[in-house]
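What follows is each chain in one-letter form.
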Amino acid sequence: MAHDPSRAPLAANVKYSQDNVPLQIGDALWATASSIGTYRHFFADPESGDVGVIAVVYENGVAGILIARLKVENHLITEAEQFFAHDPNGSAAYEKAGKPNPLWLKPIPPELRQTREALEQAAYMYYEAISKNDGRGIYAFTDDCERTEDGVLTTNRPRPQNYGHSDSDISDFTMMPCKQQYALGFLGFTTGCRDRRYLVVDVERGAILASAFLDFDGTVTEMDLTDGRKWKVPPYFMTPRTNMSNEAYRVENGTIRLIEMTMYEVPFNITSPYVKP
């Protein structure tokens, strides 16, 4: 909030980016952040020196959702990667919640903790389910799995609510549990899920903060859902688009229990400066 990079323990060669664009420290949100909101969800991986957060930050008085990852080596920040969703409605939902679901912060008993490789595999399979969503996959969700998207609950709702850019004929989607949603094959208009990365792997809490690009090339305009319905894809997805997906997962015994997604549009087919060509 002080707009003063000299106050941060930055390495001389720190690598900094916002929304996948390499920048100089002091640019972008460094210059425009005006206050910090109430909602903050931290992730920590002491073994690798990675720390992350999903939080509400106000930019010149307007709320947005910040997703940030820092790499710390020898007590200095060597990488500072941040994403900022200009989403006042999502920010308001987060601020209304005030804090993460308490289950996110509950440590996994040591004897039940999984390896970081196992947690990464759970995130990988989730992205596989998105990219190959034909309704015939193996979907590793607990029966009571809960997913929020930009602060809004999108599973197991008591009443129907329109989902994303879809219209009312698919509104019952938000009343379904995670596994039933994916078994419907509803997300089959996603034509790519690439540059998958695992930003922070929090073994102690079975949590992983992940990132990927979701591509919609506009070629899928109609789908046959597994319940027999024929569904017309919303016009939003009929032109080439890419969405930046940053998602957190709480994994218990290899199965996803909680999902916290943030997503916003970025230039079509963009790549990350942290992914080697």
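Residues numbered from 1 in each chain as written. Predicted model: local features only at pLDDT ≥ 70, side-chain atom pairs only at ≥ 80, totals over all residues. Heavy atoms only, no water.

A.B. asks: Whenever I open this one, the overall build of the chain confuses me. Can you help?
C.D. replies: The helix and strand tally for the chain stands at 4 helices and 14 strands. Computed over the C-alpha atoms, the radius of gyration of the chain is 19 Å, within 12% of the 19 Å expected from 2.2 N^0.38 for a compact globule of 277 residues. In terms of overall dimensions, the chain has C-alpha extents of about 60 × 45 × 40 Å along its principal axes. Burial statistics for the chain: of 277 residues in total, 49% are counted as buried. Long-range pairs, those at least 24 residues apart, make up 64% of the contacts in the chain with a sequence separation of at least 6. When the accessible surface of the chain is totalled, it reaches about 13,200 Å², and 53% of it is carbon and sulfur. (Helix = DSSP H or I, 4+ residues; strand = E, 2+ residues; numbered from the N terminus. Rg over C-alpha atoms; globule rule 2.2 N^0.38 Å. Buried < 20%, exposed > 50% of the residue type's maximum accessible area, 1.4 Å probe, protein only. Contact = heavy atoms within 4.5 Å. Areas by Shrake-Rupley, 256 points an atom, 1.4 Å probe, with all protein chains shown as cover.)

A.B. asks: What should I look at first to understand the sheet that holds strand E10 (residues 207-216) in this one?
C.D. replies: Pairing between the strands of a sheet is mediated by backbone hydrogen bonds and can be parallel or antiparallel. The mixed open sheet is built from 6 strands, whose spatial order is E8-E7-E14-E13-E10-E9. Looking at which strands have only one partner, the edges of the open sheet turn out to be strand E8 (152-153) and strand E9 (192-202). In this structure, strand E7 (residues 141-149) lies alongside E8, joined through 2 bridges in antiparallel fashion. Across the sheet, the residue bridging to glutamate 149 is valine 152, located in E8. Each of E7, E9, E10, strand E13 (241-252) and strand E14 (255-266) touches helix H3 (residues 116-131); the most contacted strand, E9, lies at about 155° to it. (Pairing = 2+ DSSP bridges. Axes fitted to C-alpha atoms, helices over the stretch in contact; angles between N-to-C directions.)

A.B. asks: It is not clear to me how the environment of leucine 153 should be interpreted in this structure. Could you clarify?
C.D. replies: Along the chain, leucine 153 turns up in strand E8. Residue class for leucine 153 comes out partly exposed when judged on its relative accessible area of 28%. In sequence terms leucine 153 and glycine 218 are 65 residues apart; their C-alpha atoms lie 27 Å from each other. Other than its neighbours up to four places away in sequence, leucine 153 contacts Glu146, Arg147 and Thr148.

A.B. asks: What am I meant to see in the nonpolar core here?
C.D. replies: Soluble, globular proteins show a tendency: their nonpolar side chains are buried together. By size, the foremost hydrophobic cluster in this structure holds 37 residues, and its most contacted members are Tyr126, Phe141 and Tyr249. Sorting the residues of this core by element identifies H3, E7, helix H4 (178-183), E9, E10, E13 and E14 as the ones contributing at least two each. Counting residues per element, this core draws most heavily on H3, which supplies 7 residues. For tyrosine 126, the residues in contact, after removing those within four places along its chain, are Phe141, Arg147, Tyr182, Glu247, Tyr249, Ile256, Ile259 and Met261. Judged by nonpolar contacts, the second largest core, of 23 residues, contains Tyr94, Leu103, Leu199 and Tyr264. (Core = buried A, V, L, I, M, F, W, Y, C linked by side-chain atoms within 4.5 Å.)

A.B. asks: How should the packing of aromatic side chains be read in this particular structure?
C.D. replies: Any pair of aromatic rings gets described here by the distance separating the centres and the angle formed by the planes. Applying the stated rule across the entire model yields 17 aromatic pairs. Ring centres of tyrosine 126 and tyrosine 249 lie 4.8 Å apart, and the angle between their planes is 55°; this geometry places the pair in the tilted category. Of this pair, tyrosine 126 sits in helix H3 while tyrosine 249 sits in strand E13, and the two are 123 residues apart along the sequence. Take tyrosine 126: its relative accessible area is 2%, and that puts it in the buried class. On the basis of relative accessible area, tyrosine 249 is assigned to the buried category, the value being 0%. On the basis of an interplanar angle of 85° and a centroid distance of 6.4 Å, the ring pair of tyrosine 127 and tyrosine 249 is categorised as edge-to-face. Of this pair, tyrosine 127 sits in helix H3 while tyrosine 249 sits in strand E13, placing them 122 residues apart in sequence. Directly above the aromatic system of tyrosine 274 lies the positively charged group of lysine 15, at a separation of 4.5 Å from the ring centroid. Here arginine 69 stacks its cationic end above the ring of tyrosine 274, 5.1 Å away from the centre of that ring. (Phe/Tyr/Trp six-rings, centres within 6.5 Å; stacked < 30°, edge-to-face > 60°. Lys NZ or Arg CZ within 6 Å of the ring centre and 35° of its normal.)

A.B. asks: I keep staring at the pattern of salt bridges and nothing clicks. Help me out?
C.D. replies: Opposite charge on two side chains allows them to pair when their charged atoms are near. Evaluated as defined, the whole model comprises 21 salt bridges. Two residues, arginine 194 and aspartate 215, come together in a salt bridge whose shortest N-O distance is 2.5 Å. Linking arginine 194 in strand E9 with aspartate 215 in strand E10, this pair joins segments that are 21 residues apart in sequence. Across the pair, aspartate 215 and arginine 194 agree in class, each one buried. Here lysine 230 makes a salt bridge to glutamate 222, at a shortest N to O gap of 3.9 Å. Residue classification places glutamate 222 among the partly exposed positions, given a relative accessible area of 47%. (Salt bridge = Lys/Arg side-chain N within 4 Å of Asp/Glu carboxyl O.)

A.B. asks: Sorry, what's going on with the pairing of E14 here?
C.D. replies: Walk down a regular strand and you will see the side chains alternate between the two sheet faces. Burial analysis of E14 places 9 of its 12 residues in the buried class, which makes it a mostly covered element. Sheet topology note: the E7/E14 ladder contains 5 bridges and is parallel. Within E14, the residue paired with arginine 147 across the bridge is isoleucine 259. Two successive antiparallel strands, E13 and E14, enclose a turn made up of 2 residues, where asparagine 253 displays a positive phi of approximately 55°.

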